[in-house]
Amino acid sequence: MPRPLHATIHLDSMQHNLARARACAPQANVWAVVKANAYGHGLERGMRGFAQADGLALIETENALRLRELGWVKPILLLEGIFDTSDIPLLAEHNVNSTVHCIEQVKMLEYTQLYRPIDVHLKMNTGMNRLGFRPDEFAAAYQRLRAIPGIRNITLMTHFANADELEHPRLSIGEQVRRFRLGADGLAGERSLSNSGGVLHTAELVQELQSDWVRPGIMLYGGTPGGRSAKDYGLLPTMTLKSEIIGIQHIEPGDSVGYGSRFQADRTMTVGVVACGYADGYPRHAEHGTPVLVDGIRTTLVGRVSMDMMAVDLSPIANARVGSKVTLWGDGLPIDEVAQAAGTIGYELMCAVAPRVRVAEAPLGCDPVL
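In every chain, residue numbers begin from 1 and rise along the written sequence. Owing to the predicted nature of the model, reporting of local features is limited to residues with pLDDT of at least 70; listing and counting of side-chain atom pairs is limited to 80 or more, with chain, interface and lining totals taken over all residues. To obtain the side-chain values, all non-hydrogen atoms of the structure were used and water was disregarded.

## Some remarks on the overall build of the chain
Just so we agree on the cut-off: Each helix is a run of DSSP H or I of at least 4 residues and each strand a run of E of at least 2, with the numbering of both proceeding from the N terminus. Only protein chains enter the accessibility calculation, which uses a 1.4 Å probe; a residue is then buried when its area is under 20% of its type maximum, exposed when over 50%, and partly exposed in between. The contact criterion used is simple: two residues touch if any of their non-hydrogen atoms lie within 4.5 Å. To measure how exposed things are, a 1.4 Å probe is used in the Shrake-Rupley method; for residues, cover is taken only from the protein chains shown.
Scanning the chain for helices and strands turns up twelve helices and 18 strands. Taken along its principal axes, the extent of the C-alpha atoms in the chain is 75 × 45 × 40 Å. Across the 370 residues in the chain, those meeting the buried criterion constitute 53%. Look at the contacts in the chain between residues 6 or more apart in sequence, and 64% of them connect residues 24 or more apart. Summed over its atoms, the accessible surface of the chain is roughly 16200 Å², and 50% of this surface lies on carbon and sulfur atoms.

So this is what it looks like as structure tokens:
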């Protein structure tokens, strides 16, 4: 028998969450973001789950080609653009859009003869200070791209730093939009503004966030960038990580659990050992009290997570036994809640699931619950 730890991917939920993104920004086309192996869900599953998207966006040039091999015929966008001049031929050959965020990429395109027109997305740095041209540099970069014979369409884009908090005291969405409009004033081309946070706030900032394209990522996988819960936004979990109890210990007050003896019992307890550890992608730094479900009943992690195992408090589960089912996140237990208790974010949990974890798809029509 294989080890009982496994992840289930819910394609129905992926389709549902994409529909929610469209409902939030009904006038916009949607790039479904499938970087990092579709946030740990698998590139091929991401392609099928988001088949109704207008395009797929990712980072890795090799995975852009993989999408074409898998049969994806609609647009593809490289969110970090090209890394070397050797990447440029694939843009033309495979009809891949490239982000352009620095002068070095502009020069690569200027020095390369394009045998077929390509589309690019010119990125403005409106305060994230990660990638992109400053607003006062933007028009000059645009004109250099416009002068390249092989450049067809130029989409103007930016990325929000604090889309989960509309009025962030250091940098609000409104201020980033103001900077974007200033830098893009008079330049022709479609606009691409919102990540998941922006999409989820479109109803509140209709005028500010109107654009031709949106780029949802985490919301498509049933997580949120912060603020309210996934349930509040009508999103469904797309990944459920489950295991089983493989051992049980009965401990007395003063007994400790796990490496470092960090947890010490203050009462008589029953502790269950779960087949899951940090080598599987569960965060080692998860604290006592991080929620888990055992046979559908909520309980908590105790002690330090080890490489292959973790311990949970079985006191609330009267009939717990070896073989009891454990939900670590997903169906019935929001991943954001687990992530918050563990001092991280849902993105990291999804992306960190290790290759040794078995992954399967849920039958269509079996939607999970939050």
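## What to know about the nonpolar core
To keep things clear, this is the line we draw: We define a nonpolar core as any set of buried Ala, Val, Leu, Ile, Met, Phe, Trp, Tyr and Cys residues linked to one another through side-chain atoms lying within 4.5 Å.
Grouped together as the largest cluster of nonpolar side chains are 107 residues, with contacts concentrated most on Phe50 and Tyr282. Here the element with the most residues in this core is helix α1 (residues 11-24); it accounts for five residues. Apart from the residues lying within four places of it in its own chain, the contact partners of Tyr282 are Cys276, Gly277, Thr290, Pro291, Val292, Val305, Met310, Leu328, Trp329 and Val338. Counting residues in each nonpolar core, the second largest holds eight residues, with Phe263, Met269, Val302 and Ala311 among its members.

## Side note on the side chain of Asn17
Of note, Asn17 is situated in helix α1. Not counting the four nearest positions on each side in its chain, Asn17 is found in contact with Met219, Leu220, Tyr221, Gly222, Gly234, Leu235, Leu236 and Thr238.

## Concerning the packing of aromatic side chains
Stated precisely, the cut-off is as follows: Two rings belonging to Phe, Tyr or Trp (six-membered ring only in the last case) form a pair when the distance between their centres is within 6.5 Å. Interplanar angles under 30 degrees mark stacking, angles over 60 mark edge-to-face geometry, and anything in between is tilted.
Taken as a whole and assessed by the stated rule, the structure comprises five aromatic pairs. Here the aromatic rings of Trp31 and Trp213 are separated by 4.6 Å at their centres, their planes lie at 25 degrees, and the arrangement is stacked. Placement of Trp31 in strand β2 (residues 29-33) and of Trp213 in strand β9 (residues 213-214) is noted, with a sequence separation of 182 residues between them. Residue Trp213 is classed as buried on the basis of its relative accessible area of 10%. Chaining the aromatic ring pairs together yields one cluster made of Tyr39, Phe50, Tyr221 and Tyr347.

## Quick look at unusual backbone geometry
The residue Tyr39 is not glycine, and still its phi comes out positive at about 50 degrees. With respect to the helices, strands and loops of the structure, Tyr39 is situated in helix α2 (residues 35-39). Given a relative accessible area of 6%, Tyr39 falls into the buried group. At Asn95, a position not held by glycine, the phi torsion is positive, near 55 degrees. Checked against the element boundaries, Asn95 lands in the loop between α5 (88-93) and β5 (96-100). Given the relative accessible area of 39%, Asn95 is considered partly exposed.

## Brief notes about the packing of helix α7 (residues 135-146) against helix α8 (residues 173-184)
Which entries qualify depends on this criterion: Think of each axis as a best-fit line through the C-alpha atoms, taken over the contacting stretch in the case of a helix, with angles from 0 to 180 degrees between the N-to-C directions. For classification, angles of less than 35 degrees are called roughly parallel, those exceeding 145 degrees roughly antiparallel, those between 65 and 115 degrees roughly perpendicular, and all remaining angles oblique. What makes a crossing left-handed is the near helix being turned counterclockwise from the far one by less than a right angle; a clockwise turn instead makes it right-handed. We call Asp, Glu, Lys and Arg charged. Ala, Val, Leu, Ile, Met, Phe, Trp, Tyr, Cys and Pro are nonpolar, and the rest, Gly among them, are polar.
Interhelical geometry of α7 versus α8 gives an angle of 40 degrees and a closest axis separation of 8 Å. Relative to α8, the element α7 lies oblique. Relative to α8, α7 is oriented so that their crossing is right-handed. For the pair α7 and α8, contact is made by Pro135, Phe138 and Ala139 and by Arg179, Gly183 and Ala184, respectively. Taken together, the residues that form the contact of α7 with α8 break down as four nonpolar, one polar and one charged.

## Here we look at the pattern of salt bridges
As a working rule, side chains carrying opposite charge can pair if their charged atoms are close by. What counts here: Here a salt bridge means any side-chain nitrogen of Lys or Arg lying within 4 Å of a carboxyl oxygen belonging to Asp or Glu.
Per the stated rule, a full pass over the model turns up 19 salt bridges. Overlapping salt bridges, with partners in common, bring together Arg3, Asp280, Asp308 and Arg356 in one network.

## Observations regarding the environment of Arg130
Along the chain, the position of Arg130 falls in the loop between β6 (118-124) and α7. A relative accessible area of 54% places Arg130 in the exposed class. Taking C-alpha positions, Arg130 is 9.6 Å from His101, a pair spaced 29 residues apart along the chain. For Arg130, the contacting residues outside a window of four places in its chain are Asn125 and His159.

## Considerations on α8
The following threshold applies: Take the number of residues in a helix, subtract one, and multiply by 1.5 Å to get its expected span. In this context, the arc is that of the directions from the helix axis out to the C-beta atoms.
Taking 1.5 Å of rise per residue, twelve residues should cover 16 Å, and α8 covers 16 Å from first to last C-alpha, within 8% of that figure. Of the residues making up α8, those classed as buried are Ile173, Gln176, Val177, Phe180, Gly183 and Ala184. The arc that holds every buried residue of α8, seen down its axis, measures 130 degrees, which confines them to one face. In the stretch just after α8, Gly186 is the one whose phi turns positive, near 85 degrees.

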